[in-house]
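What the coordinates show
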Amino acid sequence: MDAERRLVLRFSGLDRRSGPMTWSQYAIWSVIRWEGETAYRRNLPCVWSVPPGVRVDDVLAAFEELLTACETLRTTFRSDGDWPRQEVHGSGEVPVVLSDAGSDAPAEHTKLLLARLLGTSFDLATDVPLRLGIVTSGGQVVKVAAAFSHVAVDGWSVEIVRRMVDELLTKGPGALRAYAGQSEQPLERAEFERSEAGVLAARRTLRFWQRAFDEVPSVMFAGGPESKALAERGSVHSHHIARAVRDIVVRDKVSSPAVLAGAVSLVLSAALGESDLALRSLVVTRFRRQARYSVATLNLNGLFRLKVEPGPIRAHFLRAAAASLQAVQYSQCNPDEMEGVIDSALRDRGEEFKQCVFLNDVSQPIGPVPDHETGAVAAARGLTARGGPDHDAACCDGGSVYRRMPDGEPDRESKFLFTVARVAPVAEVFLYLDRRFFPVGPTQILRAVESVLTEAARDPHVDTLSLARRCLALA
């Protein structure tokens, strides 16, 4: 067969409708418009290994059924009047690249193809937010790759799509009937946001953020002088963190995002000399049962608000779990209105919002989750959930590998960005910080977080404040 061919996946005869964007869609749409040509970095990937015997036509049929079930994958977005709108198309085309691996290893060939699919921005006004690649080897389909616009899906949705396509390829047509009633479409979410219940939730959210920014210390949002910042970056691949988080999750019956948020906040408290913390984050808003398997972007801004107090470390993690729930509870509102409330609150204090302290947990959470909940709802106990890249083989000795990453330009919005890519089987964590605000660098912070978790797993009664000071000093 030819080394590469361009195909199209055509869909037709489906429902066509339109309506306002959801708050989540608007939030990421605004960022992507601002980023312009570099917005392709927001695209989200997914790769499938294909069972033996699956043909190209089978793959196309599976995605045609997926497009029928998931309106967001055949939606375009445009600015229209006071609030942007989404339009769900009943017919259209998805671009497909059919590529033969030849003498290449299929996995490596797929990786290169996926990079091409991800490497250009979507025209959100005209393009469906999906691109496909099919990889063959020896005349057989072996891999499928997809690139999604972040306006259409979030990280959890990618995992749901991964599962749906797996079932379509193994079980055949009709496999998605099991998701009926639990796959809320974005237009239904937009309708809820404009309902009496949605308006009430937004009012409560805005009041929470107003109170928070009336009170939180300036160091949590103030920026530095306009002189060039020293931006330092580091990372760790750690079995120690993974084991400690797992042990605390089992012992204290809280989720892994809450445990990690608690450990980071504790180390930050010791580093900054502040006990009242407010970390911005992204949270997953899958509150209702009908959104359990919703394929859409459902992330909104959350505020992890926690006061570090003396007492046993176990109590600190329980407070962190409550703070994580609160961050999700008070996230639903128009993002522009939220920013307006923050600006107003700080203006009354004679201050200005510049750079935040940001916690970005995109790992798959582990923890006690009732049977009726999904992992996405479990993130209501913590923060956003999404799979990360494979862990570094250098960590297979069961220890930790720390790396100092190249310094770079300062982040426009964050002076501290703690990103959790995965927790198990090995924790993978990245940290960016602006040294104008922190007395220690990223490696010391990461070591201190690891030490806090390790000691906390060993002894739930150790004093919270003394643990934080000791671990930071030893780092």
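Reference entry: report on the structure contained in this document. Every value quoted in this text rests on a predicted model; they were computed, and no experiment measured them.

Applying the stated criterion to the full structure yields 26 salt bridges. Note that R435 and E232 form a salt bridge whose closest N and O atoms lie 3.6 Å from each other. Taken together, the positions of R435 in the loop between strand 15 (427-434) and helix 12 (442-458) and E232 in strand 9 (residues 231-238) put the pair 203 residues apart, joining distant regions of the chain. The partner of R349 in a salt bridge is E351, with the nearest N and O atoms 3.0 Å apart. Assessed through its relative accessible area of 27%, R349 is described here as partly exposed. The class of E351 is partly exposed, set by a relative accessible area of 27%. Through salt bridges with shared partners, one network takes in E4, R6 and R116.

Turning to its location among the elements, T205 is positioned in helix 6 (residues 196-215). Not counting the four nearest positions on each side in its chain, T205 is found in contact with Q329, Y330, S331, Q332, C333 and M338.

Attention now goes to the nonpolar core. The biggest cluster of nonpolar side chains holds 55 residues, and the ones touching the most others in it are L279, F416, F418, I445 and L453. With 11 residues, helix 8 (residues 256-272) is the single largest residue contributor to this core. With residues near it in sequence (within four places) discarded, I445 still touches V267, A271, F416, L431, L433, V440 and L472. Counting 41 residues, the second largest nonpolar core, distinct from the first, contains L60, I160, L169 and Y293.

Hydrogen bonds along the backbone pair up the strands of a sheet, which may run parallel or antiparallel. What the five strands build is an open sheet, ordered 1-6-7-8-3; its pairing is mixed. Bordering the open sheet on either side are strand 1 (4-11) and strand 3 (44-49), each of which pairs with just one other strand. Direction aside, the axes of adjacent strands within the sheet are offset by 20° on average. Inspection of the sheet shows strand 3 paired to strand 8 (residues 140-148) by six bridges, in the antiparallel sense. Paired with C46 across the two strands is A146, which belongs to strand 8. Relative to the sheet, helix 2 (residues 56-69) contacts strand 1, strand 3, strand 6 (92-100), strand 7 (130-137) and strand 8, its axis offset from that of strand 1 by approximately 35°. Against the sheet, helix 3 (residues 106-118) contacts strand 1, strand 3, strand 6, strand 7 and strand 8, and its axis sits at roughly 30° relative to strand 8.

Cut-offs and rules
Residues numbered from 1 in each chain as written. Predicted model: local features only at pLDDT ≥ 70, side-chain atom pairs only at ≥ 80, totals over all residues. Heavy atoms only, no water. Salt bridge = Lys/Arg side-chain N within 4 Å of Asp/Glu carboxyl O. Helix = DSSP H or I, 4+ residues; strand = E, 2+ residues; numbered from the N terminus. Buried < 20%, exposed > 50% of the residue type's maximum accessible area, 1.4 Å probe, protein only. Contact = heavy atoms within 4.5 Å. Core = buried A, V, L, I, M, F, W, Y, C linked by side-chain atoms within 4.5 Å. Pairing = 2+ DSSP bridges. Axes fitted to C-alpha atoms, helices over the stretch in contact; angles between N-to-C directions.

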